[in-house]
Amino acid sequence: MAKKLGFAVIGCREVSQIAWLPLLKTCTQAELIGVFDTSRELAKSTAEEYSTNFYSELSELLKDPKVDAVVVASPLEVRKEHAIMALEEEKNVVVEVPVAATYSEALEIARVAEKRGRKLMSAYMLRYDTGCRYVKRILEGQKITLFKQFYVAGSSGLKLCRESLSGRLFAEEFKVPVELEEEAEQFYERLLGAWSHYINLMRWYAGEPSGVKYVEVWNRGNSFMVSFEYSSFKHIAVYSRVEGRNFSAGATIYTDDYWISVNTPPLLEKATYSTVEIYDSKKEVTWRPRLPREWCYERGLLHFIEMTQEDRDYETGANDTLQDIYWIERVFERYLKVSLKSQNII
């Protein structure tokens, strides 16, 4: 039997309190060694609550020989720095999504991981959801590659830290004019947030798009629709809208013989599970499979542990982050081009 992996958690905010810390404390294959947060008070109280070690300095935590792996769930403005520090200390790392604010930042993290011979897992937990995985097996088993229509939709009320995007990012990366700054920041924030999961699900099911066809933004950047071009079928439309505090997602796929629909609950909701509905047009039958009642975060953690112990690649690795942020930036560039033209700024 493999020894327990020693984990440290960097960042003691919402996602760690709801998911990572409780899971690591109860997982029989893991041991929670300690925690760190940029808020000393939060880290100290969290360590007391979970009966683990409190580290006032991140370097001290990362040099602890009992720490084999690190969960990086710190605020986005320091997430890249924390991930790189952990990789430099030759720890395998799982990083919350988004891993970084820009493609260049994500590439820097990936290069450090490669240089140090460490692995990085992106926490795309929809990929570990039982409903999403069931649909993936259908698409592969039936060899369904010719999609007539494909929609990915979701809702999100979660916000990233605005400090991580304004000023530095928009001055250096995109040069957004003052007239568009408020809407543009809100839009890019939404793209990086929950929408990262939607585009990752799209790529997992359908492969890489060939381009961005259409972008429409409303509600001051909070709601939008993006259509991607694919060479093998018509297009994929990805929607997002603000709704509540958490986000949910789903996908509907239309082929000549089937339509397949999956609806997932908010990722941090462990007591609610996905539903899948399939319609066979030849048999004129609709069925809803009975799915295992498993929480995607728990499945994701167990996958991380198994792959780390066997020194195998994670299913959602650094390349996923690079490709997703690449397409996020292409979407944002298309939005800027259309917006500047429509408002006669160029």
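See the structure above.
Note on numbering: residues in each chain are counted from 1, in written sequence order. Predicted model: local features are reported for residues with pLDDT of at least 70 only, side-chain atom pairs are reported and counted for 80 or more only, and whole-chain, interface and lining totals are derived from all residues. Neither water nor hydrogens contribute to the side-chain values; these are computed over all heavy atoms in the structure.

Enquirer: What is the right way to look at the overall build of the protein in this model?
Expert: By the criteria applied, helices consist of DSSP H or I runs no shorter than four residues and strands consist of E runs no shorter than two, each listed in order from the N terminus. Helices and strands together make up the secondary structure of the protein, namely eleven helices and 14 strands. Split into buried and exposed, the 346 residues of the protein put 56% on the buried side. Contacts between residues were defined by any pair of non-hydrogen atoms, one from each residue, lying within 4.5 Å. For the protein, restricting intrachain contacts to residue pairs at least 6 apart in sequence, the fraction spanning at least 24 positions comes to 70%. Carbon and sulfur atoms make up 46% of the accessible area of the protein, which totals about 15,800 Å². Note on exposure labels: buried denotes an accessible area under 20% of the residue type's maximum, exposed denotes more than 50%, and partly exposed covers the range between, all computed with a 1.4 Å probe on protein chains only. With residues, only the protein chains shown are counted as cover, and all accessible areas are computed by Shrake-Rupley using a 1.4 Å probe.

Enquirer: I'm lost on the environment of Val-95 in this one. Help?
Expert: You can see Val-95 is positioned in strand β5 (residues 92–95). Distance in space between the C-alpha atoms of Val-95 and Val-70 is 8.4 Å, their sequence separation being 25 residues. Val-95 has contacts with Val-72, Arg-79, Ala-83, Leu-120, Met-121, Ser-122 and Ala-123, leaving out every residue within four places of it along the chain.

Enquirer: Explanation requested: the pattern of salt bridges in the structure shown.
Expert: Two side chains of opposite charge can pair, provided their charged atoms sit close to one another. Think of a salt bridge as a Lys or Arg side-chain nitrogen and an Asp or Glu carboxyl oxygen that are within 4 Å of each other. Taken as a whole and assessed by the stated rule, the structure comprises 18 salt bridges. Among the salt bridges present, the one from Arg-288 reaches Glu-277, with a minimum N-O distance of 2.4 Å. On the criterion of sequence distance, the pair formed by Arg-288 in the loop between β14 (285–287) and α10 (296–309) and Glu-277 in strand β13 (residues 275–280) is long-range, its members being eleven residues apart. Take Glu-277: its relative accessible area is 22%, and that puts it in the partly exposed class. Close ionic contact of Glu-329 with Arg-330 constitutes a salt bridge, the shortest N to O distance being 3.8 Å. Look at the salt bridges and you will find they share partners, linking Arg-127, Arg-203, Glu-208, Asp-320 and Asp-324 into a network.

Enquirer: Help me out: how do you make sense of the pairing of strand β12 (residues 258–264) in this one?
Expert: Of all seven residues in β12, five are buried; the element is thus mostly enclosed. When DSSP finds at least two bridges between two strands, those strands are taken to pair. In the sheet, β12 pairs with β13 via six bridges, with the strands oriented antiparallel. If you follow Tyr-258 over to β13, its bridge partner there is Asp-280.

Enquirer: Which parts of the structure should I look at to understand the packing of helix α6 (residues 130–141) against helix α9 (residues 195–206)?
Expert: When two helices pack together, their arrangement is given by the angle between the helix axes and by the axis-to-axis distance. Between α6 and α9, the shortest axis-to-axis distance is 10 Å and the interhelical angle comes to 25°. As far as their axial angle goes, α9 and α6 are roughly parallel. Residues Cys-132, Arg-133, Val-135, Lys-136 and Leu-139 of α6 lie in contact with α9, whose contacting residues are Leu-201, Trp-204 and Tyr-205. Class assignment of the residues belonging to the contact of α6 with α9 gives a composition of six nonpolar, no polar and two charged. Structural elements are reduced to axes, namely lines fitted to C-alpha atoms, with helices fitted over the stretch in contact, and the angle between N-to-C directions of any two is expressed from 0 to 180 degrees. Every angle not falling under 35 degrees, over 145, or within 65 to 115 is termed oblique; those three ranges are roughly parallel, roughly antiparallel and roughly perpendicular. Residues are sorted three ways: Asp, Glu, Lys and Arg are charged, Ala, Val, Leu, Ile, Met, Phe, Trp, Tyr, Cys and Pro are nonpolar, and all the rest, Gly among them, are polar.

Enquirer: Explanation requested: the environment of Lys-80 in the structure shown.
Expert: Assignment of secondary structure puts Lys-80 in helix α4 (residues 76–88). Lys-80 has contacts with Val-99, Glu-105, Glu-108 and Ile-109, leaving out every residue within four places of it along the chain.

Enquirer: Any chance you could explain the nonpolar core here in plain terms?
Expert: Note that soluble globular proteins tend to have their nonpolar side chains buried in a common cluster. Judged by nonpolar contacts, the single largest core of 83 residues is most densely connected at Phe-7, Trp-195, Tyr-205, Phe-228, Tyr-297 and Phe-332. Element by element, the count of residues in this core is highest for α9, at eight residues. Among buried residues, the Ala, Val, Leu, Ile, Met, Phe, Trp, Tyr and Cys ones that are joined through side-chain atoms within 4.5 Å form a nonpolar core. In this structure, Ala-8, Ile-33, Leu-61 and Ala-106 belong to the second largest nonpolar core, which totals 27 residues.

Enquirer: Looking at this structure, I do not really get α4. What am I missing?
Expert: In a helix, the anticipated span is given by 1.5 Å times the number of residues less one. Between the first and last C-alpha of α4 there are 19 Å, a value that for 13 residues agrees with the 18 Å anticipated at 1.5 Å per step. Taken as a whole, α4 has its buried residues at Leu-76, Val-78, Arg-79, His-82, Ala-83, Ile-84, Ala-86 and Leu-87. Immediately beyond the C-terminal end of α4, within one or two residues, lies Glu-90, with a positive phi of roughly 60°.

Enquirer: Got a minute to help me understand unusual backbone geometry in this structure?
Expert: Working note: non-glycine residues mostly have negative phi, and peptide bonds are mostly trans. Between Val-97 and the following residue, Pro-98, the backbone shows a cis peptide bond with an omega angle of 0°. Inspection of the secondary structure assignment puts Pro-98 in the loop between β5 and α5 (103–116). Positioned with a positive phi, Ser-51 is a non-glycine residue whose angle comes to about 50°. Residue placement: Ser-51 occurs in the loop between α2 (40–49) and β3 (53–54). A positive phi is found at Glu-284, a non-glycine position, where the angle reads about 55°.

Enquirer: Would you take a moment to explain the side chain of Thr-130 for this structure?
Expert: Secondary-structure assignment places Thr-130 in helix α6. When near neighbours in sequence (up to four residues on either side) are disregarded, Thr-130 contacts Leu-291, Pro-292, Glu-294 and Arg-299.

Enquirer: Quick question: what am I supposed to make of the state of the cysteines here?
Expert: A covalent bond bridging the sulfur atoms of two cysteines is what the word disulfide describes. The term disulfide is used for any two cysteine sulfur atoms that are within 2.5 Å. Using the criterion set out here, one finds zero disulfides in the structure. Cys-296 supplies the cysteine sulfur nearest to Cys-132, a cysteine that is in no disulfide, at a spacing of 8.5 Å. Taking the relative accessible area as the measure of exposure, Cys-132 reaches 0% and is therefore buried.

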